[in-house]
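# A look at the structure
Residue strings, one per chain:
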Amino acid sequence: MHTAILLPFLYDLPVIKVSSRKTLKLAIAFSIFLGTLLGINQAQAKPIQVISITHYPQVKTTGIYFDKFSYKPGEVIKYFANCSGSSYNFYLYQQKDFYIRSTDLKFSKLKIPCANKGIKPQDWNYSDLNINLSPGVYIGEIKDNKGNESFAPVVIEDTNSKHAGIAVVPFQTLYAYNLWTGKSAYLGDGDFAKRDRIIYFHQPLERDSGLGKFVSYVAPLVGEIEKSHLDITYIADTSLSSANNPLLEHQAYISMGHDEYWTKQERSNILAARDSGSNLIFLGANVAYWNVRLTEKNNQPAMEIYKSASEDPNKSNPTNKFIDQGLPESEITGLEYNCFPVQGTFIPEIKQSFIFQGVNPDEISNYPRLVGPEVDELVPNDKGFKGKVIDLALALVRCGKTGNELHGTSNIVYGISPNKVGTISIGSMNWVGVGLRSGDKTPIGAFARKVTENILTAALKGKLGNLYQE
């Protein structure tokens, strides 16, 4: 079986090699000992090896998805799977670092017969997992006996906990870009007019063997949180569309690298969390851009996103841009969407800021790849944000494939609301997608990780406005 999975964003991590037969025997003995401690079948415990994930699924008849994006501890987990071989193995790992090791394996089941039901995910067989998992972010994997494999992320939530922070996994955005069916919220047969208006959740993510944008914009941040042992729990964004606000009672709300699609209830809950005292941290760009509705169609959970108020039959809550409804994202983040694709380089504006403690702020100018591919820019306070907005770093950006003309800015800002709650917005997707995705031994990776640790550690202490005035 796989004893370690190297996610695609970990291209610069070293491969662990066994150098001698004696070392091999010791490694086997030690891994068997670990397997015994963890309740893993000893036959599955092997020396750590690195297994790369292909960029696309090898065949679409091998895939996996979960019945829901999140479960509570102790809740029965249901997954759907299909493969093209005669049998497959199922593994469930908890992400505890930037990569997954054999010691992260929490459950496995071997040699499950393949149903071979084709590429339509709604026809696939399902299995129940009656296991008790601790809260966290998990990766499910199937691998059939032909070597085809597929992965799927899922969250075990603990919203009643007293964790200081709560980080949101943006499944709605992950699925808006999903091309498993050949269509997404953006295109159908290469045409925007033929795009999907109803996005079904009961299907795998198409890119990166079922992990999709999770690879770039979620997994690197989860790895940083876990590696730093920060007091942060996780929740799926689909769990935020409830009148019972799960974000309250936390010191900080954390949005990951690409968190574009929100429901109106989700937006209201985040504002309510801020008003009740929770700091808001946005480690990305293009935040809170499209309004969506969660629904059920054909007995499946789904997301409605028409991207047109005139076309949407629901006139009371159309699924168009929030800003076109008089609800700009700047009211929440202090920034507004700028453009794509982007070139630029950050320059520190407030070098003594708490976010730059332990690093040379001028180093940020050495890393142009931190800016892009989509960015947000600072806007006047009268466009929504109530309070003071401080510009911590600024990039003059060029936008478009040619990138010949300046097109505004990308900004890192610190906002202080009247109730002393702090909002930090990193106006670039590449902060997570390139910065945290790079190895921690690289200069850009070390810089991005230290600044991210500074931001999260400060936000977990209490209202930022009471701690840091700049």
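Residues numbered from 1 in each chain as written. Predicted model: local features only at pLDDT ≥ 70, side-chain atom pairs only at ≥ 80, totals over all residues. Heavy atoms only, no water.

## Digging into the sheet that holds strand 13 (residues 198-200)
Whether parallel or antiparallel, the strands of a sheet pair through hydrogen bonds between backbone atoms. Note the cut-off: When DSSP finds two or more bridges between a pair of strands, those strands are recorded as paired. Here a helix means four or more residues in a row that DSSP labels H or I, a strand means two or more in a row labelled E, and each is numbered from the N terminus. The axes are straight lines fitted to the C-alpha atoms, using for helices just the contacting stretch, and the angles between their N-to-C directions are given from 0 to 180°. What makes two residues a contact is simply this: any of their non-hydrogen atoms within 4.5 Å.
Ordered by their spatial adjacency, four strands build an open sheet running 13-19-18-16, and the pairing between neighbours is mixed. Each of the sheet's edge strands pairs with one partner strand only, and the pair in question is strand 13 and strand 16 (261-263). In this sheet, neighbouring strand axes are inclined to one another by 45° on average, regardless of whether the strands run parallel or antiparallel. As judged from the three bridges shared by strand 16 and strand 18 (residues 290-297), these two strands associate in the parallel manner. Opposite tryptophan 262, over in strand 18, you have asparagine 291 as the bridge partner. Across the sheet, helix 5 (residues 264-276) touches strand 16 and strand 18, and the angle it forms with strand 16 is around 85°.

## Things to note about the side chain of serine 255
Mapped onto the elements, serine 255 comes out in strand 15 (residues 252-255). Not counting chain neighbours up to four residues away, the residues in contact with serine 255 comprise Ile281, Phe282 and Leu283.

## Here we look at the confidence of the model for the protein
We count it as follows: Known as pLDDT, the predictor's per-residue confidence is scaled from 0 to 100.
With 87% of its residues at a pLDDT of at least 70, the protein reaches an overall mean of 88. Throughout residues 8-51 the model reports pLDDT below 50, and contacts reaching past four residues in sequence, or to other chains, amount to 57 contacts.

## As for the pairing of strand 19 (residues 300-304)
Note the cut-off: Exposure classes here rest on a 1.4 Å probe applied to the protein chains alone. A residue is buried below 20% of its type maximum, exposed above 50%, and partly exposed in between.
By the criterion of burial, strand 19 is predominantly enclosed, with four of the five residues buried. Alignment of strand 13 against strand 19, held across three bridges, turns out to be antiparallel. Within strand 19, the position partnered with isoleucine 199 by the bridge is methionine 303. Inspection of the sheet shows strand 18 paired to strand 19 by five bridges, in the antiparallel sense. Paired with glutamate 296 across the strands is proline 301, a residue of strand 19.

## Quick look at helix 4 (residues 219-227)
Among the nine residues of helix 4, eight are classified as buried, and the element is accordingly described as predominantly covered. Buried within helix 4 we find Ala219, Pro220, Leu221, Val222, Gly223, Glu224, Ile225 and Glu226. Positive phi appears at histidine 229, one or two residues downstream of helix 4, with a value of about 55°.

## Comments concerning the sheet that holds strand 5 (residues 77-82)
Taken in spatial order, the three strands of this open sheet run 3-5-9, and their pairing is antiparallel. Strand pairing shows two members of the sheet lacking a second neighbour, strand 3 (63-66) and strand 9 (125-129), which therefore form its edges. Taken over all neighbouring pairs, the strand axes of this sheet differ in orientation by 25° on average, direction set aside. One ladder, built from five bridges, connects strand 5 with strand 9; its direction is antiparallel. Within the sheet, the bridge partner assigned to lysine 78 lies in strand 9 and is aspartate 128.

## A word on unusual backbone geometry
In this structure, the amide linkage connecting phenylalanine 340 to the following residue, proline 341, adopts the cis form with an omega of -15°. By the secondary structure assignment, proline 341 is in the loop between strand 20 (335-339) and strand 21 (342-343). The step from glycine 372 to proline 373 runs through a cis peptide bond, and the omega angle for that step is -15°. Along the polypeptide, proline 373 turns up in the loop between strand 22 (347-348) and strand 23 (375-378). Positioned with a positive phi, asparagine 298 is a non-glycine residue whose angle comes to about 55°. Position of asparagine 298 relative to the elements: it lies in the loop between strand 18 and strand 19. When its relative accessible area of 61% is taken as the criterion, asparagine 298 is described as exposed. For glutamate 470, which is not glycine, the phi dihedral falls at a positive 60°. Mapped onto the elements, glutamate 470 comes out in the segment after helix 9 (464-467).

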